Amino acid sequence: MLAAFVAMANPPSALAQASSATILVYHRFGPTVADSMTVTTAVFTAQLSYLHDHGYTIVPLRDVVSFAAGHGELPLRAVAITADDGHRTVFSDMKPLVEKYRIPVTLFIYPSAISNASYAMTWEQLAALKATGLFSIESHTYWHPNFHIEKRRLAPEAYTKFVGMQLNKSREVLERRLGGHITMLSWPFGIYDDDLIAAARASGYVAAVTIDRRKVRRGDNLMALPRFIVTNGDLGKRFESLLPAQ
Ligand SMILES: [Zn+2]
């Protein structure tokens, strides 16, 4: 009953009034908390059910990008869901819930790990996720470097070349393996600066996401859109604090 009342209190004309949106980022799932980046499948289920029951709308990440760019409206209480790194539990644990709730999810993938690292998904699994129509796949650079370390390690010219390779090769491999066009980037470890942003723009990316913990507002830098890393403790008031008030 409460949900119905809240829905009526926000008529369609209120659509234009969303003043912020939230982008959440997950990494891995499972029955138990293996590390700080794991959200148990039970907690993820509780979070999706909370969003569903409290009038939040899960929107594609591209809609939040348009909102930040100043064109396109968002419903009130808009939340975008992303998952970084291509962990195998995205396929085994996240996919069934995404299909149950029919929600859009954007995955940021670094191709060097796919069908290679033991923790990562295979190309076949990524293709199967894409085929559901619910998962979009975007770039997380080629091998997830720490750009701070590489900048110290390499001579300026070599560093510029390295950055270009990480940005271009990731997109080229993802497009060749999965089709479509890669236009979004997740900064590895959330590391970005003006030079990296310029390189990403030059490489053809139109938006990029960070792990700066705040909500997205109109006019935000499209190449550094903030996200909240979700942890296993994010339930109740703590989860609610990550979400847009209206
Ligand atoms: Zn990552």
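Use the structure listed above.
Because the structure is predicted, anything quoted here is derived from the model rather than measured. (Residues numbered from 1 in each chain as written. Predicted model: local features only at pLDDT ≥ 70, side-chain atom pairs only at ≥ 80, totals over all residues. Heavy atoms only, no water.)

Q: Looking at this model, I keep getting lost on the coordination of the zinc ion. Mind explaining?
A: Geometry reference: four tetrahedral donors at a metal, ideal angle 109.5 degrees. Six octahedral donors, ideal angles 90 or 180 degrees. Listed as protein donors to the zinc ion are Asp85 (OD), His140 (NE2) and His144 (NE2); their distances from the metal cover 2.1 Å. Each donor residue of the zinc ion belongs to the same chain, and together they define the spacing D-x54-H-x3-H. Here Asp85, found in the loop between strand E5 (78-84) and helix H4 (88-101), pairs with His140, found in the loop between strand E7 (135-139) and helix H6 (147-153); they are 55 residues apart in sequence, far enough to count as distant. By relative accessible area, Asp85 is classed as buried at 16%. According to the relative accessible area criterion, His140 is buried, its value standing at 2%. (Donors = N, O, S within 2.8 Å, 3.2 Å for Na, K, Ca; no water. Helix = DSSP H or I, 4+ residues; strand = E, 2+ residues; numbered from the N terminus. Buried < 20%, exposed > 50% of the residue type's maximum accessible area, 1.4 Å probe, protein only.)

Q: I keep staring at the pairing of strand E1 (residues 22-26) and nothing clicks. Help me out?
A: Looking along a regular strand, one sees the side chains alternate between the two faces of the sheet. E1 sits mainly inside the fold: five of its five residues count as buried. Residues Thr22, Leu24 and Tyr26 line one face of E1 and the alternating positions Ile23 and Val25 line the opposite face, and both faces are buried. In the sheet, E1 pairs with E5 via five bridges, with the strands oriented parallel. The residue bridging Val25 from the neighbouring strand is Thr82, located in E5. Bridge analysis of E1 against strand E10 (residues 228-229) gives two bridges, and the strand direction is parallel. In the sheet register, Val25 faces E10, and the bridge partner there is Ile229. (Pairing = 2+ DSSP bridges.)

Q: I'm lost on the packing of aromatic side chains in this one. Help?
A: Any pair of aromatic rings gets described here by the distance separating the centres and the angle formed by the planes. This model, assessed by the stated rule, comprises nine aromatic pairs. Ring geometry for Tyr26 against Phe44: centres 4.8 Å apart, planes inclined by 70°, an arrangement best described as edge-to-face. Placement of Tyr26 in strand E1 and of Phe44 in helix H2 (residues 41-53) is noted, with a sequence separation of 18 residues between them. Tyr26 sits in the buried class, given a relative accessible area of 0%. Taken together, a centroid distance of 4.8 Å and an interplanar angle of 45° make the contact between Phe29 and Phe44 tilted. Highlighted residues: Phe29 in strand E2 (residues 28-30) and Phe44 in helix H2, separated in sequence by 15 residues. The residues Phe29 and Phe44 share a single accessibility class, namely buried. Among the aromatic residues, ring-to-ring pairing joins Tyr142, Trp143, Phe147 and Phe162 into one connected group. (Phe/Tyr/Trp six-rings, centres within 6.5 Å; stacked < 30°, edge-to-face > 60°.)

Q: How do you make sense of the pairing of E7 when you look at a structure like this?
A: Taking burial as the measure, the five residues of E7 include four buried ones, the bulk of the element. With five bridges joining them, strand E6 (residues 105-109) and E7 adopt parallel strand pairing. Among the inter-strand pairings, Ile109 is bridged to a residue of E7, identified as Ser139. Viewed along the sheet, the connection from E6 through helix H5 (residues 123-131) into E7 turns out right-handed. (Right-handed = clockwise from strand over helix to strand, strands pointing away.)

Q: So what exactly am I meant to see when it comes to the environment of Phe228 here?
A: In this fold, Phe228 is placed in strand E10. Its relative accessible area of 6% is what places Phe228 among the buried residues. Spatially, the C-alpha atoms of Phe228 and Thr82 are 9.9 Å apart, while their sequence positions differ by 146 residues. Ignoring anything within four residues of it in the chain, the contact list for Phe228 reads Thr22, Ile23, Leu24, Val25, Arg213, Arg214, Lys215 and Leu242. (Contact = heavy atoms within 4.5 Å.)

Q: How do you make sense of helix H8 (residues 194-203) when you look at a structure like this?
A: In an α-helix, one turn spans 3.6 residues, which is why side chains three or four residues apart end up on the same side. All of the buried residues along H8 are Leu196, Ile197, Ala200 and Ser203. Each buried residue of H8 lies within a common arc of 125° when the element is viewed along its axis, so the set occupies one face. Seen from the buried face of H8, the exposed residues on the opposite side, beyond 90 degrees, are Asp194, Asp195, Arg201 and Ala202. Against the buried residues of H8 lie H6, helix H7 (156-178) and strand E8 (184-186). At the N-terminal boundary of H8, the capping side chain belongs to Asp193, with an oxygen 3.1 Å from the backbone nitrogen of Asp195. Gly204 sits one or two residues past H8 and shows a positive phi near 110°. (Arc of directions from axis to C-beta. Polar contact = N/O pair within 3.5 Å; in protein donor to acceptor, adjacent residues only side chain to side chain.)

Shape descriptors only; they carry no functional weight alone.
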